[in-house]
Amino acid sequence: KFITATETIRKMKTDFLLMENEMKKLQENMIDITESSHQITSVLHETRTNLTNLTKKSNLLKKLSAISSLPAQLTRLVEEKNYTQAVQEYNKSQWIFQLYGSQTSFRGIQEDCKKLIDGLRVKLKEDFERVDNKNLQLTQIGLLLQLGENPTILSNEILQLTSQRLHDELINLQDQTERDMMEFVDLGIENFLNDLIALSSVYYEMFIAKHFESEPDTFQEISREKLNEFVTSNIALYLNLVHERVDHETENGDCRILLRALD
């Protein structure tokens, strides 16, 4: 056992000596590899930096090139009534105009785009006055806000447009003297009351339920008060008109139809 152990130790000593030599070679090789790597990195660093800068400049040139076709693109989108995409494309280009708008070549493009967008603002407000669909009204107000419309000013304009529209409907309802009481009430519900509900709902969702960082903390409360006043005054006008018609029907109409209409 002693002889065997001695031979084993001798063999291990030899093996470890060989391993130590190999580790020294490995260490020397790693030092050489590290030095080579540093040299390659230092040589390629400048090239890599140049390539990165060239890529950035290439991307910028592509975006600047796309700007030149923006007025034509906006014109096409507006003609197709694709207002949402038109607003998105215009907003995406604003950072370029902010950086390069002072240059002559971009100033003309910026002015053309601004004219198109100003026309779109007017069109959105005109369409809002005519549209009955609540979802469309929400979309129109949302687009106007995306275009930078001041929420306070826009909310007042919306109430003015809506007031004129409801006023016209009341005038039209007042002229329906040849219709009986049932038809008169149905028209009032289908036109005036339904529009009042829809428009009030849109106003609530856009200016009361939402929070605007740019507006004072009292904005929501003031908007709520304006909406309450708007609804109350219009309901009063409508009920006065109904009251007048009821007085007329009481004197000249069929009481059974009157009762059904009031019900």
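Provided above is the structure to which this section pertains.
Now for a quick tour of the structure. (Residues numbered from 1 in each chain as written. Predicted model: local features only at pLDDT ≥ 70, side-chain atom pairs only at ≥ 80, totals over all residues. Heavy atoms only, no water.)

1. Looking at the side chain of Gln176
Residue placement: Gln176 occurs in the loop between α7 (151-174) and α8 (181-207). Setting aside residues no more than four positions away along its own chain, Gln176 makes contact with Leu187 and Arg245. (Helix = DSSP H or I, 4+ residues; strand = E, 2+ residues; numbered from the N terminus. Contact = heavy atoms within 4.5 Å.)

2. Comments concerning a negative patch on the surface
A grouping of Asp175, Glu178, Asp180, Glu183, Asp186 and Glu190 is seen on the molecular surface, where their side chains present a negatively charged patch. Looking at the element boundaries, Asp175 is found in the loop between α7 and α8. (Patch = residues over 30% accessible without salt bridge, like charges linked within 9 Å, V, L, I, M, F, W, Y side chains within 5 Å. Areas by Shrake-Rupley, 256 points an atom, 1.4 Å probe, with all protein chains shown as cover. Salt bridge = Lys/Arg side-chain N within 4 Å of Asp/Glu carboxyl O. Lys, Arg positive; Asp, Glu negative; His and termini not counted. Charge placed at Lys NZ, Arg CZ, Asp CG, Glu CD.)

3. Brief notes about the packing of α8 against helix α10 (residues 255-262)
Packing of α8 against α10 brings their axes to within 8 Å, and their N-to-C directions diverge by 15°. Here α10 runs roughly parallel to α8, going by the angle between their axes. Pair α8 / α10 crosses with right-handed handedness. Contact residues: Met181, Met182 and Val185 in α8; Ile257, Leu258, Arg260 and Ala261 in α10. (Axes fitted to C-alpha atoms, helices over the stretch in contact; angles between N-to-C directions. Parallel < 35°, antiparallel > 145°, perpendicular 65-115°, else oblique. Left-handed = near helix turned anticlockwise from the far one by under 90°.)

4. Some thoughts on the side chain of Glu215
Inspection of the secondary structure puts Glu215 in the loop between α8 and α9 (219-252). Although Glu215 is buried, it forms no salt bridge, and the closest oppositely charged side chain is Lys226 at an N-O distance of 8.7 Å. Among the polar contacts made by the side chain of Glu215, one reaches the side chain of Thr152 at a distance of 2.5 Å. Ignoring sequence-local partners within four residues, the contact set of Glu215 consists of Asn150, Pro151 and Thr152. (Buried < 20%, exposed > 50% of the residue type's maximum accessible area, 1.4 Å probe, protein only. Polar contact = N/O pair within 3.5 Å; in protein donor to acceptor, adjacent residues only side chain to side chain.)

5. Digging into the pattern of salt bridges
Scanning all chains against the criterion turns up 9 salt bridges. The salt bridge partner of Glu80 is Arg76, with a shortest N-O separation of 3.5 Å. With a relative accessible area of 47%, Glu80 lands in the partly exposed category. Here Arg121 and Glu149 are joined by a salt bridge, their closest N and O atoms 3.0 Å apart. Placement of the pair is Arg121 in helix α5 (residues 104-130) and Glu149 in the loop between α6 (134-146) and α7, with a sequence separation of 28 residues. Like Arg121, the residue Glu149 is buried in the burial classification. One continuous salt-bridge network, built from bridges that share partners, spans Lys114, Asp118, Arg121, Lys125, Glu149 and Glu157.

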